[in-house]
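Residue-level listing of the chains:
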Amino acid sequence: MNDSKTGSQSLASTGAHPCTSDPAVILPRRKLTRVCWVLVIVAAAVALQVRVCCPFRAREHDSDPTPSHGSPRFDWSAVEPSRSIKWTNCYAGHRCARLLLPLDYETPDGPTTAIALRMVPATDRANYRGPILINPGGPGESGTKMVGRFGLRISRVVGGEFDVLGFDPRGIGASMPSASCFDTDSQRALWRLQEDARLLNASDDSTVYLELARQSLMGQRCEQKIGGERGIGRFMGTPDVARDMLEISQLLGQEKLQYWGFSYGSVLGQYFSAIYPDKIGRVIIDGVYDAHNYRAALWSTNLADMDAIIGSFFHFCHQAGPEKCSVYDSSPEKIRARYYALLESVETAPVPIAGASPPLVVTRKILQNQMFEATYEPSTRFPIVADTMRALERGNEAALVWLAPKIVDPTECKCDLPAPTSADNEAFNAIACGDADGRPFDAAAYAAYYAALARDSPLAAPFWSHHYLMCSQWRVRPNARYTGPLEAANTSHPLLVVSPRWDPVCPLSDAVRVQARYGGAGLLVQNSYGHCSISAPSLCTARHIRAYMVNGTLPSPGTVCEVEELPFVGSVQDVRALSAEDSELLEALKGLTAEVPMLGAR
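Okay, so let's go over this structure. Quick caveat: nothing in here was measured; it's all calculated off a predicted structure. (Residues numbered from 1 in each chain as written. Predicted model: local features only at pLDDT ≥ 70, side-chain atom pairs only at ≥ 80, totals over all residues. Heavy atoms only, no water.)

## A word on the state of the cysteines
Just so we agree on the cut-off: In this description, a disulfide is simply a cysteine sulfur pair whose atoms lie within 2.5 Å. Helix and strand assignments come from DSSP, with helices taken as H or I runs of at least 4 residues and strands as E runs of at least 2, each series counted from the N terminus. To sort residues, take the accessible area from a 1.4 Å probe on protein chains only and compare it with the maximum for the residue type: under 20% means buried, over 50% means exposed, and anything in between is partly exposed.
Throughout the structure, instances matching the rule amount to five disulfides. Disulfide pairing is shown between Cys181 and Cys222; the S-S distance is 2.0 Å. Every disulfide takes its handedness from the sign of the S-S torsion; for Cys181 and Cys222 that torsion is 115 degrees, giving right-handed. A residue pair is termed long-range when its members are at least 10 positions apart, and Cys181 in the loop between strand S5 (162-167) and helix H4 (185-192) and Cys222 in helix H5 (residues 205-226) qualify at 41 residues. Summarising the burial analysis for this pair, Cys181 and Cys222 share the class buried. Two residues, Cys433 and Cys471, share a disulfide whose sulfurs are 2.2 Å apart. Measuring handedness by torsion sign, the sulfur bridge of Cys433 and Cys471 sits at about -80 degrees and is left-handed. Here Cys471 lies in helix H17 (residues 466-472) and Cys433 lies in helix H14 (residues 427-435), a separation of 38 residues in the sequence.

## Remarks on unusual backbone geometry
Here the amide bond leading from Gly138 into Pro139 is cis, since omega sits at 0 degrees, within 30 degrees of zero. Here Pro139 shows up in the loop between strand S4 (130-135) and helix H3 (143-158). In this structure, Pro358 follows Ser357 across a cis peptide bond, with omega equal to -5 degrees. Despite not being glycine, Ser263 shows a phi value in the positive range, around 60 degrees. If you trace the backbone, Ser263 turns up in the loop between strand S6 (257-262) and helix H7 (264-275). On the basis of relative accessible area, Ser263 is assigned to the buried category, the value being 0%.

## A word on the pairing of S5
Moving residue by residue along a regular strand, the side chains alternate between the two faces of the sheet. Cut-off, in case you're wondering: Any two strands with at least two DSSP bridges between them are considered paired. A right-handed crossover is one whose linking path, passing over the helix from the first strand to the second, runs clockwise when the strands point away from the viewer.
The buried fraction of S5 is high, at six of six residues. Note that strand S3 (residues 112-120) and S5 share four bridges and pair antiparallel. Looking at the pairing, Met119 lines up with Leu165 of S5. Taken together, the five bridges between S4 and S5 define a ladder with parallel strand orientation. Each bridged residue has a counterpart across the sheet, and for Leu133 the counterpart in S5 is Leu165. Read as a crossover between parallel neighbours, the route from S4 over H3 to S5 is right-handed.

## Some points on the environment of Pro169
Along the chain, the position of Pro169 falls in the loop between S5 and H4. Among the residues examined, Pro169 registers a relative accessible area of 5% and is labelled buried. Considering only alpha carbons, one finds Pro169 and Met245, 76 residues apart in sequence, at a separation of 9.1 Å.

## Points about the packing of helix H12 (residues 378-394) against helix H13 (residues 397-407)
What counts here: Axis geometry follows a simple rule: fit a line to the C-alpha atoms, using only the stretch in contact for helices, then measure angles between N-to-C directions, giving values from 0 to 180 degrees. A clockwise turn of the near helix away from the far one marks a right-handed crossing, whereas an anticlockwise turn of less than a right angle marks a left-handed crossing. Only heavy atoms matter for contacts: two residues are in contact if any of them lie within 4.5 Å across the pair. The classification used treats Ala, Val, Leu, Ile, Met, Phe, Trp, Tyr, Cys and Pro as nonpolar, Asp, Glu, Lys and Arg as charged, and all other residues, Gly among them, as polar.
Running from N to C, H12 and H13 point in directions that differ by 145 degrees, and their axes come no closer than 10 Å. Every pair of crossing elements has a handedness; the one defined by H12 and H13 is left-handed. In this structure, H12 contributes Ile384, Asp387, Thr388, Ala391 and Leu392 to the contact, and H13 contributes Ala399, Leu400, Leu403, Lys406 and Ile407. Class assignment for the residues of the contact of H12 with H13 results in seven nonpolar, one polar and two charged.

## Considering the nonpolar core
Just so we agree on the cut-off: In this text, buried Ala, Val, Leu, Ile, Met, Phe, Trp, Tyr and Cys residues form a nonpolar core when linked through side-chain atoms within 4.5 Å.
Core analysis: the largest hydrophobic core is formed by 166 residues, its most contacted members being Trp260, Phe313 and Trp464. Looking at this core, the element that brings in the most residues is helix H9 (residues 306-320), giving eight residues. Not counting residues up to four positions away in its chain, the partners in contact with Phe313 are Val327, Ile335, Met371, Phe382, Val385, Ala386, Met389 and Phe568.

## Considering the pattern of salt bridges
Put simply, the rule reads: We define a salt bridge as a side-chain nitrogen of Lys or Arg found within 4 Å of a carboxyl oxygen belonging to Asp or Glu.
Summed over the entire model, instances satisfying the criterion amount to 28 salt bridges. The salt bridge partner of Glu195 is Arg214, with a shortest N-O separation of 3.9 Å. Of the two residues, Glu195 sits in the loop between H4 and H5 while Arg214 sits in helix H5, which places them 19 residues apart along the sequence. Here Glu195 matches Arg214 in class, with each residue buried. Between Lys279 and Glu255 there is a salt bridge; the shortest N-O distance is 3.8 Å.

What follows is the structure, encoded as structure tokens:
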């Protein structure tokens, strides 16, 4: 099948040589400074640790394509912040600005935060309909980076009548001040090196209390760094960001918000719609997490459908056949048995990949995490899981060397990237835990929480259960929290709720509950596996999204959209029969599958 993510094609589908013993598959090693080598090795050692969907995770290796043709990297610090939006040309045909907004809206003349904005301008100026704000999830992900990589594709979906506007929420990305609890990225990487190589397990106190101690340290450190009276950690909650979106829209001449939010962005959309129900122009929430569960710091509904997506790996591999799935077997059950046997094998005998750069030891935690993350975007990641299985089963060192950057997240050395371009931070903790009801650690409650997650998905529970521990140790409380209703009987325009049928961390059941809370909201179900609608290309879904954005039209009750591609299987229709317009739209949708939000991954 054609893989929409650069560098992530499967061996079965490409016929590539890494599944042979050909030593030519060992890629040349880049020359790095001594410091950068340390950072790369550290990052590889900890890359298996999931970072927080329904959070979008901006992948550092998916760098912004626009500066790559010899043009200089854009310097956000050179853009003068202003209380009005003053656009400057940036990158390749984009517009950028930094907007000063009150740190605390109760003291509008007090300290400010500088919000980074990046826009792909509308191409159809004759029918101009204003900006659509995009939130990629997290919480803590960069909207400017998402628009930089995929703004043009989003524009093709919603229509050229709209500007596509990404913004970095408070404390995130190029917005200042930054919610960083470390002085440098290398300091953070060295801290992450100490993470436990074992799976978190509520029945093993040593794993629980090690993670609890690490979260306690982070809570203390962040309290010192970003938790002062005017610290950014106290002023970056979801209600603050909702108000920022309203301010941005109105400064751009739009009295009502036009918005497409993914994963955690669905929580932001729920907050906005509850607080400002008369300011809804068009609001799409896609890959929906129930904001009630989120605000209560429960993180308990998310894995309801996880095992269905894991099961689809075995089903679609068998359906696709040996030419498209490298671990094909005579039944899905046999493929499943092989996968779980492999997990048991590496648990007792981890596999070293000495020739990888940096070197890597494959453990059970690494393999489980690989599958966990693959469920977010099955079409692009399932083939890599299959190729990893095959290489490990056969002891193919050359294939494993080639696959190593795909088994763990590739990490770019960021030694010479200026802040804030290179900055990672602790925004997820500040937002998710700051929004939530405080809940101290209780061993019995945690054991019950873990057990409930494990009933939904034994494979994913070790990665998801860290949320409880993280928020139990978070010390920075917001200046103000929104504790009002997360619902609205009437909004100035109905919301559009969009959900895959099978979402690994934002189940359809959450979307159904949320739809019922917002009067007149529509529900569009996409018959697919993965996180958010963009995890699988669907012309049907794209047409409904465009109709909603342009005309305000909601899909009929019970509407279910089919997809154009299935994991491993590939295309389900003859693309040659498509019109030129649909072919262009389909290519844009395929490209968006590389930008699936990674809610809950840390």
